Structures are given as C-alpha cells and as structure tokens.
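Chain by chain, the residues:
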Amino acid sequence: MFQLEELVRPNILTLVPYSSARDEFKGEADIFLDANENSLGSPLTKWYNRYPDPLQWKVKEKLSAIKGIASRHIFLGNGSDECIDVLLRVFCEPAIDNIVIVPPTYGMYEVSAAINNVKVRKVPLTPDFQLDLAGLEKAIDGHTKMIFLCSPNNPTGNSLDRKDVEVLLNNYFGIVVMDEAYINFSRQRSFVPDLPDYPNLVVMQTLSKAWGLAALRLGMAFASQEIISLMNKVKPPYNINQATQDLVLKALDEVGQVNDMIRVLVDERGRLEQELKRLSIVREVYPSDANFLLVKVDNATGTYRKLLDNGIVVRDRSNVILCEGCLRITVGTETENDALLKALIH
Ligand code: PMP
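Just so it is clear, the structure is predicted and the values come from calculations on it, not from any experiment. (Residues numbered from 1 in each chain as written. Predicted model: local features only at pLDDT ≥ 70, side-chain atom pairs only at ≥ 80, totals over all residues. Heavy atoms only, no water.)

What to know about the pattern of salt bridges
This structure, assessed with the given rule, holds 19 salt bridges. Its salt-bridge partner being Arg-162, residue Glu-166 comes within 3.5 Å of it at the nearest N-O pair. In this pair, Glu-166 and Arg-162 both sit in helix α7 (residues 162–171), four residues apart, roughly one turn of the helix. The class of Glu-166 is partly exposed, set by a relative accessible area of 26%. We note a salt bridge from Glu-273 to Lys-277, for which the minimum N-O separation is 3.1 Å. (Salt bridge = Lys/Arg side-chain N within 4 Å of Asp/Glu carboxyl O. Helix = DSSP H or I, 4+ residues; strand = E, 2+ residues; numbered from the N terminus. Buried < 20%, exposed > 50% of the residue type's maximum accessible area, 1.4 Å probe, protein only.)

Following this line, the structure appears as structure tokens:
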C-alpha cells in the first residue's frame, strides 16, 4: 500500500516552514514596512524592490489552464533541476535511503542525489532503451524512496513503453518521478492526466525546451496536493524571481507560437534523421521523440572534435552506457542542421 507519511523524512513531516513576510498579511495595504525592502524603489522601472510571490499563483493559474490541472497540483522550481533537488530533500534520508535510476538517463538525478548524500541504485535500460522490470524489482528495497524515469529519455530520445510505467506505478509504492522535459516533441501522451489514478506519481516538465525559455529557469512538478505541499515546505521562499514570473506570464499567452516552433522542430528532426542516415560515417540514428537525435558514428570522439573545429558543438556520449560510439545532436534551425550535415560530409 502507498502511505505518503511513511515515505516522507520524519523531520520534514514535522517541519514548520519559513513564513515569508507577505504570508503573515493577507488583506489590502498601501504601505509595506514588513520585509526590509528598499522603500524608495529600484534602478529599474518595475516593482523589483519588492519580494516576489513565494507561491507564484498568477503563473500557476495560467499553467493550470494550459495543462488542464488545478494550481494546487503544481509546484514551480528554478528549473526542473530544483524540483529534483527538492524531491530528494522531501523523501530521502541522507546515508539511509536510496533512489533508483535507469541509465542511460539525465545526469542530474545522480548528481543531485550525491549532493544530498542519497545512495543511487542503477538498473540500466534494455538494449532497446526500455525499462528492465525484473531488474527494477530486484533493485528496490524498503529504503528505495524514489525511481526517476525520463520519457522521452535523455540521451536516447525514445519514449518509455507506457505499459511498463503503469506496471511500476501499480506495484511499487514509493514515488515514481516521470521527467517529461521533452514531452511536447513526443508522439506519446503525457502522464499528467493520469495523476488522479496514481498518488505515488510526480510528473516533471519544464519551459526550457519546447517553450524556448531555458534562460528564465522555470521547471514544473505536477502531483497530489499533499506532495506539492511538502515540496513547498522545503523550497527556498522566493525560488522563482519576479523577472521570471513577469516574463513567463507574458510567454504563456503564446501557445500558438510555441506549437508552430514544435512543428518546425519535429519536421527538422525528421529531415535531419533521413539526411544523417545517408552519411557513410553514420552507423545508426535512433528514433527520437525529443528535440535531439542520438547518432552512432564511426569514431565518435574524432567526429566530435572535427565538428568543434567547424564551430559546431554537439554532445559526445560515447562513454555512456548503451550509447557507446554515439553523439547526441540537438535539432537546430534548418541552416544550422545544413551546416552540421556539410561538416560531417567533409
Ligand atoms: N530533465 C531532463 C531530461 C533534461 O534533459 C533537462 C535539461 N537538459 C532537465 C530536466 C533540466 O531542465 P531545466 O532547465 O528545467 O532545469
């Protein structure tokens, strides 16, 4: 049985969270002398002398409409990287608990766990980059608080088989984190609508990829109200700055423009895949549901260096498990992709 209270670190259950100055006052006021801000203003025209809304309600309201999920089920982090860190600090007792990851996958799960002194168990994906359910069953023990899944997966680009994820959600009573950073480029549907069925599910998304806002740092976690409250307890009080909140509010009105960009990038992904497959140095281009391609080439490190000499940076993944001999290449603009193809031919 899933029992949230049994998964949470005991000190977090009893923790009295920091109460920010604005939390104490809910009514209307004209004069704010409660938070030791600069009452004169700022060198900028905006009201940047004031602390931002710690719970970012306006941003959440807009996201709620776009994602079809109530604001109380949304946590916002300074990038999904902060969501990963906050989840580890809610659930994993340092030196005692462990998490399971399924390499090859996004690197921050392991790094963030190491920073928090949380042990990491690795159950590699199968050769076709899917979950090894038997391996997972063996790796999980009473101290396994979380499993991090990534779909579409970085760096392989494929989506995980939905049925396998459902088996895990139904049989494992720790937290399953589904990182959907690349979901907007995928043929598969998100797990967000499935949240009511799975109290142990946390879905993460980000504005850094399809929304083109990597510089603003806005990551999202969707989960039960209880899990979101725990994450809010642990996060730094003003983790999303006012400039980001202002700009994100504006950007979220442009769903149409973002959908256009997604279409262009998905088309370019298809073209790049076909063109790469025609090159003699290319051994394999793995099918991708993301905005990058995992490409097996002759002499990956040599090819990486050759591209660098041409002013093109890709990611050398040749030392990563199951990605031996591979480069990870982000889908660029048409011009950038042409430049990449030209550099690979010569
Ligand atoms: N998850 C995955 C799978 C990623 O690839 C990345 C960024 N490369 C992140 C999360 C981090 O995203 P953010 O910019 O929101 O911190």
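Notes on the UniProt feature "domain: Aminotransferase class I/classII large" (unreviewed entry) in the protein chain
Following the UniProt record, one finds the feature "domain: Aminotransferase class I/classII large" (unreviewed entry) at residues 49–344. Helix makes up 38% of residues 49–344 and strand 17%, and the two end C-alpha atoms of the span are 51 Å apart. (UniProt positions renumbered as here; feature names shortened; annotations may be inferred.)

Quick look at the packing of aromatic side chains
The full count for this structure, using the stated rule, is five aromatic pairs. Aromatic side chains Tyr-109 and Phe-148 sit 4.7 Å apart centroid to centroid with 15° between the ring planes, which places their arrangement in the stacked category. On the criterion of sequence distance, the pair formed by Tyr-109 in helix α5 (residues 108–115) and Phe-148 in strand β4 (residues 144–150) is long-range, its members being 39 residues apart. Like Tyr-109, the residue Phe-148 is buried in the burial classification. Among the aromatic side chains, those forming a connected cluster through ring pairs are Tyr-106, Tyr-109 and Phe-148. Positioned over the ring face of Trp-57 is Lys-60, at 4.9 Å from the centre of the ring. (Phe/Tyr/Trp six-rings, centres within 6.5 Å; stacked < 30°, edge-to-face > 60°. Lys NZ or Arg CZ within 6 Å of the ring centre and 35° of its normal.)

Re the side chain of Lys-145
Looking at where Lys-145 falls in the secondary structure, it is placed in strand β4. A polar contact of 3.1 Å, which involves the side chain of Lys-145, links it to the backbone oxygen of Phe-91. Among all residues touching Lys-145, those that are not within four sequence positions of it are Glu-6, Leu-7, Phe-91, Cys-92, Asp-97, Asn-98, Tyr-172, Gly-174 and Ile-175. (Polar contact = N/O pair within 3.5 Å; in protein donor to acceptor, adjacent residues only side chain to side chain. Contact = heavy atoms within 4.5 Å.)

Section: the sheet that holds strand β2 (residues 98–101)
Spatially, seven strands are ordered β1-β7-β6-β5-β4-β2-β3 in an open sheet, and the strand pairing comes out mixed. Of all the strands in the sheet, the pair left with one neighbour each is β1 (74–77) and β3 (119–122). Pairs of neighbouring strands in the sheet enclose a mean axial angle of 25°, with direction left out of account. Along the sheet, helix α3 (residues 57–67) contacts β1, β6 (201–206) and β7 (219–222); its crossing angle with β1, the most-contacted strand, is approximately 120°. In the packing of α5 onto the sheet, contacts are made with β2, β3, β4, β5 (175–179) and β6, and the angle to β2 comes to roughly 165°. (Pairing = 2+ DSSP bridges. Axes fitted to C-alpha atoms, helices over the stretch in contact; angles between N-to-C directions.)

Some words on the packing of helix α11 (residues 300–309) against helix α12 (residues 334–345)
Close contact between α11 and α12 brings their axes to 10 Å; oriented N to C, the two are set at 120°. By the criterion of interaxial angle, the relationship of α11 to α12 is oblique. In this structure, α11 meets α12 at a crossing whose hand is right-handed. Between α11 and α12, the residues in contact are Thr-303, Lys-306 and Leu-307 and Leu-340, Ala-343 and Leu-344, respectively. (Parallel < 35°, antiparallel > 145°, perpendicular 65-115°, else oblique. Left-handed = near helix turned anticlockwise from the far one by under 90°.)

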